Amino acid sequence: MKERVKNFFKSIKPVEWTMWAVSTVIIVASFFVFKNTQYHYLVGSLIGVSALVFTSKGNPIGQGLIIVFGVFYGIISFSFKYYGEMITYLGMSVPIAVFALVSWLKNPFAGNKSEVKVNTLSKKEWAIFSVAVVAVTAVFFFILRALGTNNLIVSTISVATSFAAAYLTARRNRFYAIGYMLNDIVLIVLWSLASTSDITYLPMTICFSAFFMLDLYGFVNWSRMTKRQRAAAERASADERPIISDKKPETAEMTENSDKKTDGVTSSEL
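None of these values were measured; they are calculated from a predicted model. (Residues numbered from 1 in each chain as written. Predicted model: local features only at pLDDT ≥ 70, side-chain atom pairs only at ≥ 80, totals over all residues. Heavy atoms only, no water.)

Enquirer: A description of the environment of Gly91 should follow, citing residues and the corresponding values.
Expert: Here Gly91 is to be found in helix H5 (residues 83–106). Residue Gly91 is classed as exposed on the basis of its relative accessible area of 55%. Residues Gly91 and Gly70, spaced 21 residues apart in sequence, show a C-alpha to C-alpha distance of 9.7 Å. (Helix = DSSP H or I, 4+ residues; strand = E, 2+ residues; numbered from the N terminus. Buried < 20%, exposed > 50% of the residue type's maximum accessible area, 1.4 Å probe, protein only.)

Enquirer: Requested: an account of the packing of helix H3 (residues 39–56) against helix H4 (residues 61–79), with residues and values cited.
Expert: Contact geometry for H3 and H4: axes closest at 8 Å, N-to-C directions at 150°. In terms of axis orientation, H3 runs roughly antiparallel to H4. In terms of crossing hand, the pair formed by H3 and H4 is left-handed. Side by side, H3 and H4 meet where His40, Tyr41, Val43, Gly44, Ile47, Gly48, Ser50, Ala51, Phe54 and Thr55 of the first sit next to Ile61, Gly62, Gln63, Leu65, Ile66, Val68, Phe69, Phe72, Ile75, Ile76 and Ser79 of the second. Grouping the constituent residues of the contact of H3 with H4 by class yields 13 nonpolar, eight polar and no charged. (Axes fitted to C-alpha atoms, helices over the stretch in contact; angles between N-to-C directions. Parallel < 35°, antiparallel > 145°, perpendicular 65-115°, else oblique. Left-handed = near helix turned anticlockwise from the far one by under 90°. Contact = heavy atoms within 4.5 Å. Nonpolar A, V, L, I, M, F, W, Y, C, P; charged D, E, K, R; others polar.)

Enquirer: Talk me through the confidence of the model for the protein chain; I want residue IDs and the actual numbers.
Expert: For the protein chain, the average pLDDT comes to 86, and 89% of its residues sit at 70 or higher. Of the regions scoring below 50 in pLDDT, residues 264–270 engages in zero contacts with residues more than four places distant in sequence or in other chains. (pLDDT = per-residue confidence, 0-100.)

Enquirer: Outline the pattern of salt bridges, listing residues and values.
Expert: Under the criterion given, the structure shown has three salt bridges. Glu16 is the salt-bridge partner of Lys57, the closest N and O atoms lying 3.2 Å from each other. Taken as a pair, Lys57 in the loop between H3 and H4 and Glu16 in helix H2 (residues 14–33) lie far apart in primary sequence, 41 residues in all. Its relative accessible area of 13% is what places Lys57 among the buried residues. (Salt bridge = Lys/Arg side-chain N within 4 Å of Asp/Glu carboxyl O.)

Enquirer: Any chance you could break down the nonpolar core for me, citing the residues and the numbers?
Expert: In this structure, Phe69, Tyr73, Leu187, Trp191, Phe208 and Phe211 are the most contacted members of the largest nonpolar core, which totals 28 residues. At the level of elements, H2, H3, H4, helix H8 (176–195) and helix H9 (202–240) are the ones that each hand at least two residues to this core. (Core = buried A, V, L, I, M, F, W, Y, C linked by side-chain atoms within 4.5 Å.)

Enquirer: An account of the packing of helix H7 (residues 152–170) against H8 is requested, with residue identities and associated values reported.
Expert: The N-to-C vectors of H7 and H8 enclose an angle of 155°; their axes lie 8 Å apart at closest approach. As judged from the angle between their axes, H7 and H8 are roughly antiparallel. Considering the relative orientation of H7 and H8, their crossing is left-handed. The segment H7 lies against H8, with Val154, Ser155, Ile157, Ser158, Thr161, Ser162, Ala165, Ala166, Leu168 and Thr169 engaging Tyr176, Gly179, Tyr180, Leu182, Asn183, Val186, Leu187, Val189 and Leu190.

Enquirer: So, a nonpolar patch on the surface: which residues are in play, and what are the values?
Expert: On the surface, Phe175, Ile178, Leu182, Ile185, Val189 and Leu193 cluster together into a nonpolar patch covering about 450 Å² of accessible area. Along the polypeptide, Phe175 turns up in the loop between H7 and H8. (Patch = residues over 30% accessible without salt bridge, like charges linked within 9 Å, V, L, I, M, F, W, Y side chains within 5 Å. Areas by Shrake-Rupley, 256 points an atom, 1.4 Å probe, with all protein chains shown as cover.)

Enquirer: Quick rundown of the packing of aromatic side chains? Include the residues and the values.
Expert: Each pair of aromatic rings is reported with the distance of its centres and the angle of its planes. Within the structure shown, the criterion is met by 24 aromatic pairs. The interplanar angle of 75° and the centroid separation of 5.0 Å between the aromatic rings of Tyr82 and Trp191 together place this pair among those described as edge-to-face. Taken together, the residues span a long stretch of sequence, with Tyr82 in the loop between H4 and H5 and Trp191 in helix H8 at a distance of 109 residues. Given the relative accessible area of 0%, Tyr82 is considered buried. Trp191 gets classed as buried once you look at its relative accessible area, which sits at 0%. Chaining the aromatic ring pairs together yields one cluster made of Tyr41, Phe69, Tyr73, Tyr82, Tyr89, Trp191, Tyr201, Phe208 and Phe211. (Phe/Tyr/Trp six-rings, centres within 6.5 Å; stacked < 30°, edge-to-face > 60°.)

Here it is as structure tokens:
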């Protein structure tokens, strides 16, 4: 057990520890500087930062933490009548994260449960994905408008980017990070608007700024993972190829020699 815990902490690179520590300090400092008393904001933000560190490594733990973060974020969004965010996370992102967790656990890379096997989408699936993003966005626009959601247009764009990111995460594709980066930008705008009426929401803006940095790292790291896993797959495929020899099979040689001997005897008898 001790060895497993030791290996777990060793697997986290110095740059990842640094990003996690910096993000945590900034989030905690902003929470107290702006005299926020809603401690579930703080807890949710810290869970979110931790989730993104593990997700950037392709570790399924990240998906488990995203599920917890989604619940906290849904509650926070409800408090400011950001119904789009609440519905998106509790009704879409969290369920997809559950599916993603199962998918990641079922598809480890080379038997390593701490790293998911990266997936590449076909052109057909990219087309289906694009249509799905447009359809989900259109449906949510009318739902959010009916609910009287604050900052309707920005909230609707947030739905589109959230769905895109969640889908690509579940499909184990490196472009999930691009989706989340776009979503981070939208949420920075969204919570900045909220902060103009209530300064206690400013830490959420800072939180998603930290998320942007972590998602950027996630894209870089997953790109490296994709190349490394592809190279490993090519090596494994090369090792499995049958060795073709120019040497004739022994049975064939014996048959050929036998024929020569037979030909020799027939010739002498004649």
